[in-house]
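Working through the structure, step by step
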Amino acid sequence: MRIYCFIFFIFNLSVSYAQKATLTDASEFNIRWDDFYILGKWKNWTAVYLRNGNEYKLLCFDQQGHKVKQFILNELQDECEEVRLTPSGESISISWEKIEQKKKTVYVSRIDENGRMQPAKEVFSVPHGNFRRINLQYGVSPDKNYQVVFCESREDDMHVLKACILGAELSVKKNVEQKISEKDFTLTEKVFISNSGHVYLLASETPNQKGAMEGLRLLSCKNAEQSFMSYEIPLNKHHVSQIQLSQDPQNANLYICGYYGDGKYSSPKGLFFSVFNEEQQAPTISHFTPIAMQVTGYKADLRDMKIKHVSIKQDGGIEIAAERTYQNIRTLVSQNPAMTTSMVPMPESTRSVNEFYYDEIAVFNIKLDGTLLWNQIILKEQMTTEDAGIYSSFGLLEYPKGKIFVFNDFSSKKSRLIAAYLSAKGDHQMKELPVSNVDSDWDLLPRSSIQTGKTEIWIPALQKGYICFLKLAY
């Protein structure tokens, strides 16, 4: 009976993990100054934004990976920044920034079902000059029906908050401008808008250099309100770091997740999450779960572990994926090879090498009551130099029965694509993906991949002067 169950389990694994790899048509691309972004499904295609120099394009691929449509985005021919595209129904919303007349202005438009770009309209602007530079923050609701543009500035020791909330048709729902006199607090770079159109910001007392925060507060602006209200998040005298915001739309809850520690300068001790109910506008629970890393090596704790993904489970618990990543700068010293017969020491030349490390992935599954249900370690070692780690880290595909982590393996002369399959119960296995149709000259970028369907993921691939995409369908 046990043998039969084992064979049945292996058969189910092989069926669930079977995949088809398809390489799309290639487009010209220069990694130094061009840009791209995978939008996902639009109509019956998969859409990709591509910028070649000052030419902005929308590419559409069919199921076989053929480039069937190419639309030139004429409104973007002038120099612009922060181009953002979001599929919504039959159309695509698009926004971008332009700096003109000492102002930073946000324009929006729509690309209709025929690929035509509608006339642009201005929705947001702030002063911007050599001595006053402001970075804007953006948020899109999970259901893509709401968007927000936000900025913070200082005026006479006051925090000035400005926000513009847009609806599904890019209509301006409301503008918020508010001054807050609270001292000694800092806004995090997190702006979130929920499916209900509520906008959320996180603030805390001034964090230290390691990012540890205390006095955490959630600023909430409800859909029908014109100002932000401040709510304290219970921390039980802990300090927190790497804060993430996620939504459970089914139960109208906002989740605030991250690490917690016992002091400003201590290493993280574990994971915490707090649930904020959108209807009640109040935090309902806060849990602090100690974590002991079960790995061998020079660091068996949460240091250098960067939170990369948060999932809300059906039972109200959370699942967090973190990755150990850090940068090292190494100085190389070499002797000048010039010949000499004197006793004078030869001059040495030095150069610095930037090394980027992306190692194991840790996944923590926590129940609604805050207890750890299980945790799993996915071992990998990735080290590259002078590339900002663009070929390292991982891509993620979430499917009904678990998750698939996809990443490059550099341990041999030829890079391999590895998939780690993790079930909802914490069981996992790893295998090399048979992508023999990918030419060895193509370099995959799993960290820039996008899940484009329930069982489909697109991974960018670069070759000198070109870009294409590897579609994995399970």
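Presented here is a report on the structure given in the accompanying data block.

Conventions we followed
- Residues numbered from 1 in each chain as written.
- Predicted model: local features only at pLDDT ≥ 70, side-chain atom pairs only at ≥ 80, totals over all residues.
- Heavy atoms only, no water.
- Helix = DSSP H or I, 4+ residues; strand = E, 2+ residues; numbered from the N terminus.
- Buried < 20%, exposed > 50% of the residue type's maximum accessible area, 1.4 Å probe, protein only.
- Contact = heavy atoms within 4.5 Å.
- Areas by Shrake-Rupley, 256 points an atom, 1.4 Å probe, with all protein chains shown as cover.
- Core = buried A, V, L, I, M, F, W, Y, C linked by side-chain atoms within 4.5 Å.
- Salt bridge = Lys/Arg side-chain N within 4 Å of Asp/Glu carboxyl O.
- Phe/Tyr/Trp six-rings, centres within 6.5 Å; stacked < 30°, edge-to-face > 60°.
- Lys NZ or Arg CZ within 6 Å of the ring centre and 35° of its normal.
- Pairing = 2+ DSSP bridges.

Brief notes about the overall build of the protein
The number of helices and strands found in the protein is one helix and 35 strands. A buried classification covers 50% of the 474 residues belonging to the protein. In the protein, once contacts between residues fewer than 6 apart in sequence are set aside, the share between residues at least 24 apart is 47%. Entry remark: accessible area of the protein is about 24500 Å², with carbon and sulfur atoms responsible for 48%.

A word on the environment of T105
Note that T105 resides in strand β9 (residues 103–111). Expressed as a C-alpha distance, the spacing of T105 and V123, which sit 18 residues apart in the sequence, is 7.8 Å. For T105, the residues in contact, after removing those within four places along its chain, are W96, E97, K98, E100, E122, F124 and S125.

Regarding the nonpolar core
In terms of nonpolar packing, the biggest core is built from 20 residues, with L58, L73 and L85 touching the most fellow members. Secondary-structure elements contributing two or more residues to this core are β3 (35–42), β4 (45–52), β5 (55–61), β7 (81–88), β8 (91–100) and β9. Excluding residues within four positions of it along the chain, L85 makes contact with Y37, L39, Y49, L58, L73, I92, S93, I94 and I111.

Here's the deal with the pattern of salt bridges
Under the defined criterion, the tally for this structure stands at 17 salt bridges. For K57, the salt bridge goes to E55, with nearest N and O atoms at 3.6 Å. On the accessibility criterion, K57 (13% relative accessible area) is buried. R116 is paired through a salt bridge with D112; the nearest N and O atoms lie 3.3 Å apart. For D112, a relative accessible area of 10% puts it in the buried group. When salt bridges that share partners are traced, they join K308, E323 and K380 into one network.

Concerning the packing of aromatic side chains
Throughout the structure, instances matching the rule amount to 16 aromatic pairs. Between Y326 and Y357, the aromatic rings sit 4.7 Å apart at their centres with planes inclined by 10°, giving stacked as the arrangement. In this pair, Y326 sits in strand β24 (residues 318–335) while Y357 sits in strand β25 (residues 348–366), placing the two residues 31 residues apart along the sequence. The exposure class of Y326 is partly exposed, given its relative accessible area of 24%. The ring of W42 has K43 lying over it, and the distance from NZ or CZ to the ring centre is 5.4 Å. The residue whose ring lies beneath K162 is F124, and the NZ or CZ to ring-centre distance is 5.5 Å.

A look at the pairing of strand β16 (residues 199–205)
Burial of β16 is extensive: six of the seven residues sit out of reach of the surface. One ladder, built from six bridges, connects strand β15 (residues 185–193) with β16; its direction is antiparallel. Counted as the bridge partner of L187 is A203 from β16. In this sheet, strand β17 (residues 217–221) lies alongside β16 in antiparallel orientation, the contact comprising five bridges. Bridging from a neighbouring strand, Y200 pairs with S220 of β17.

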